[in-house]
Amino acid sequence: MLSVLVGHSYFLRFDRKQQQRAKPYPPLATLQAASLLREAGHSVALFDAMLAAGVADYEAAFAAARPRLVVLYEDNYNFLSKMCLERMRRACCQMIVRARRDGARVIVGGSDASDAPEPYLQAGADVVLRGEGFGALLALAGRLAADPDLGVPQWTSGLPDVVVLVDGAPVRSSPAAPLPVPELPRRPAWDLVDIERYRAVWLQAHGYFSLNMAASRGCSFRCNWCAKPIWGHRYLQRPAADVADEMLHLKQELGADHVWFADDIFGFRADWVGDFAARLRAGGGGVPFTIQLRADLVSPRMARALREAGCREVWLGAESGSQRILDAMNKGTRVDEIVAARALLGAEGIRVGFFLQLGYLGEELEDILATRALVERARPDDVGVSVTYPLPGTRFYERVKDQLGPKRNWQDSDDLEMLFRGTYRSEFYRQVRDLLHAQVERGPSPQLARRWQDLVEREEEFRHASAPGAEPVPASPLA
C-alpha cells in the first residue's frame, strides 16, 4: 500500500471572475483519480485547491498526509483548465517544489501538462501523464509501492502515456502497447471532499446547492480550435442507469438541489436521455440540471426528453452568428440550427445560454454584427462571451503560432487578451462582449443601439493595420 496525496491547482481565489460568480464545483476528474487509486489498495488523501486560501493550505495538507507519492491531477472536466491560467500553473509548480523538497515523488496530469509538460518537469515533477493517463497512473503507483527506491527510468520503463525529463528536455515514452483503459470508479471519492464548505458558498450566493457530474468523456466532433489533449476524439458514454443512480446519490446522500453536467456533449441521443429519465423516476426523481449540447443534436424528441428528465438549462456552443465563421471553424452547425434549437428548448420551458466566440481569424465587422443579429433573433436567456484562444495541439494553433508573443496564457478567466494578432485589438472585443451581455440582460433599447452605432463608427480605431499570417477565411469548412 502506498500513501498518496491527490490534488489539483485550480484555486478559485486566484480567478476573480469565477470567485465573483461563486459557483465552485469539486474537482471531478481529480476525485476519479483518487477513487481509482483507493480501489487499487492505496491510502489516499485529498488536497482540494478550489476553496483553499493558497499554496500554504497545500503545505498543511502535505504535512498531515506525509505522502510517499503526490499526484497533481487537474480536473479535466473544468474547461478553464485547458487554457492554462498562468496563476494556476505557477501554483502547481510551487506545490511540486514543496513535495520534492520533502522527498515525495510527483506525478502531474491534466490538459495543460499534456500540452506543455516542460514547466512541470523543470519544477521537479518526476512524470507527466499524457491524456487521461489513468492506466499509467495505476501502473506507476503499483511499481512505487513494490519498490520505493525505483529511479525514474526503471519506474516508467515500457509505459505509454508518460513524459519524463532526460538531459534537461522532456521526452515522451517510446511507443508501447497501450495499457487497458481502466473503467472509471462507480463514483468519485466524494467522501474526501468538504461538502459543507461548498454548500455554504452556494447557499449564501444563490440559495441552492449544486454539485457536478459527468455522463460521458470527450467529443467526437472536429471544431478546429478545440483542444482534446485528454480524450482525443473519442466519445465515451456511461450507461444511462449508472448516471441516474449517481444523481440520486448526490440528491439523497449529499443534499444536492441541482446538478451541473460537465460533459462536452450531454446525452447525444434522445433514447439515452429517455432511459436516464425513466431510471430517475423509478428512483423517486432526480434534481434539476444544466448541460452543454450542440445545436444540431436538438430535435423535438430530444427537447421533450430533456424536459422529462428534469433539465433546467442548456448551453449551446453557438460561437458565431456568421455562417462564414462557423464554416471556417469546422463547427459543423448552421445558424438556422442554432435558432431552431433555442426555440425547441424554450418551448419545453428550458432556459438556453449561448457560448459565443469573438476574434476568430478573418472575422470582420459584418461577422460580429451577424452575431449581434443572432442574439437579437434567438433571444437566449444568457450568453458567455470569449475570444478565440490558441490551444496547443489544434489546427487553429498551428495557423497562428508564429504570431504569438511573450504572453502565451491568460492570467485568469476574465483576461480576454488576444494572444495572436486578430482583426482588432483586445479592447474592441471587450466592448463587444459588454454590449452582447447588455443586449441579453436588458433587452434592446435606444441607448444600447447608440452604443453599438458608436462602436461601429469607431471600429477603425481598434483595427490592426495588418494581421500577419491571418490568411483569408475560406468559405467552406477546413479539410
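Each chain has its residues counted from 1, running along the sequence as written. For this predicted model, a pLDDT threshold of at least 70 governs which residues receive local features, and a threshold of 80 or more governs which side-chain atom pairs are given and counted, while totals over whole chains, interfaces and linings are taken from all residues. The basis for every side-chain value is the complete set of non-hydrogen atoms in the structure, without hydrogens or water.

Student: Requested: an account of unusual backbone geometry, with residues and values cited.
Tutor: Even without a glycine there, the phi angle at Arg 66 is positive, about 45°. With phi around 60°, Asn 330 is a residue other than glycine that occupies positive phi space.

Student: Let's hear about the pattern of salt bridges: which residues, and what values?
Tutor: Salt bridges, as used here, are contacts in which a Lys or Arg side-chain nitrogen is within 4 Å of a carboxyl oxygen on Asp or Glu. Taken as a whole and judged by the stated rule, the model has 28 salt bridges. For Arg 105, the salt bridge goes to Asp 126, with nearest N and O atoms at 3.5 Å. Here the residue Arg 105 occupies a position in strand β4 (residues 105–109), and Asp 126 occupies one in the loop between α6 (118–123) and β5 (127–129), the gap between them amounting to 21 residues. Take Arg 105 and Asp 126: they sit in the same class, and that class is buried. For the salt bridge of Arg 463 with Glu 364, the shortest nitrogen-to-oxygen distance reads 2.9 Å. Only DSSP runs of H or I covering at least 4 residues are called helices, and only runs of E covering at least 2 are called strands; the numbering of each starts at the N terminus. Under the scheme applied here, a residue whose accessible area is under 20% of the maximum for its type counts as buried, over 50% as exposed, and between as partly exposed, the area being computed with a 1.4 Å probe on protein chains only.

Student: Talk me through the packing of aromatic side chains; I want residue IDs and the actual numbers.
Tutor: Classification of ring pairs uses Phe, Tyr and Trp, with its six-membered ring standing for Trp, and accepts pairs whose centres are within 6.5 Å; under 30 degrees between planes counts as stacked, over 60 as edge-to-face, and the remaining range as tilted. All chains considered together, the criterion is met by 25 aromatic pairs. Ring centres of Tyr 58 and Phe 62 lie 6.3 Å apart, and the angle between their planes is 50°; on these two criteria the pair is classed as tilted. Of the two residues, Tyr 58 and Phe 62 both sit in helix α3 (residues 55–65), four residues apart, roughly one turn of that helix. Its relative accessible area of 4% is what places Phe 62 among the buried residues. Note on Tyr 424 and Tyr 429: the rings are 5.9 Å apart at their centroids and 80° apart in plane angle, and the pair reads as edge-to-face. Grouping residues by exposure puts Tyr 424 and Tyr 429 together as buried. Counting every residue linked through ring pairs, the aromatic cluster contains Phe 11, Phe 14, Phe 47, Tyr 58 and Phe 62. Geometrically, a charge over a ring is one whose NZ (Lys) or CZ (Arg) sits within 6 Å of the ring centre while staying within 35 degrees of the ring normal. Sitting over the ring of Trp 155, Arg 105 keeps its end group 4.6 Å from the ring centre. Lying over the aromatic face of Phe 221, Arg 294 brings its terminal NZ or CZ to 3.7 Å of the ring centre.

Student: Let's hear about the packing of helix α15 (residues 365–378) against helix α17 (residues 426–442): which residues, and what values?
Tutor: Lines fitted to C-alpha atoms define the axes here, with helix axes fitted over just the stretch in contact, and angles between the N-to-C directions of these axes take values from 0 to 180 degrees. Two elements in contact, α15 and α17, have axes whose closest approach is 10 Å; the angle formed by their N-to-C orientations is 15°. Judged by the angle between their axes, α15 and α17 are roughly parallel. Judged by the twist between their axes, the crossing of α15 over α17 is right-handed. Note on element contacts: α17 touches α15 through Phe 428, Tyr 429, Val 432, Leu 436, Gln 439 and Val 440, opposite Leu 365, Ile 368, Thr 371, Arg 372, Val 375 and Glu 376. Roughly parallel means an angle under 35 degrees; roughly antiparallel means over 145; roughly perpendicular covers 65 to 115; every other angle is labelled oblique. Here a crossing is called left-handed whenever its near helix is offset anticlockwise from the far helix by less than a right angle, and right-handed whenever the offset is clockwise. In this description, contact between two residues means that some pair of their heavy atoms is separated by no more than 4.5 Å.

So far we have only geometry, and geometry alone does not tell us how the molecule works.
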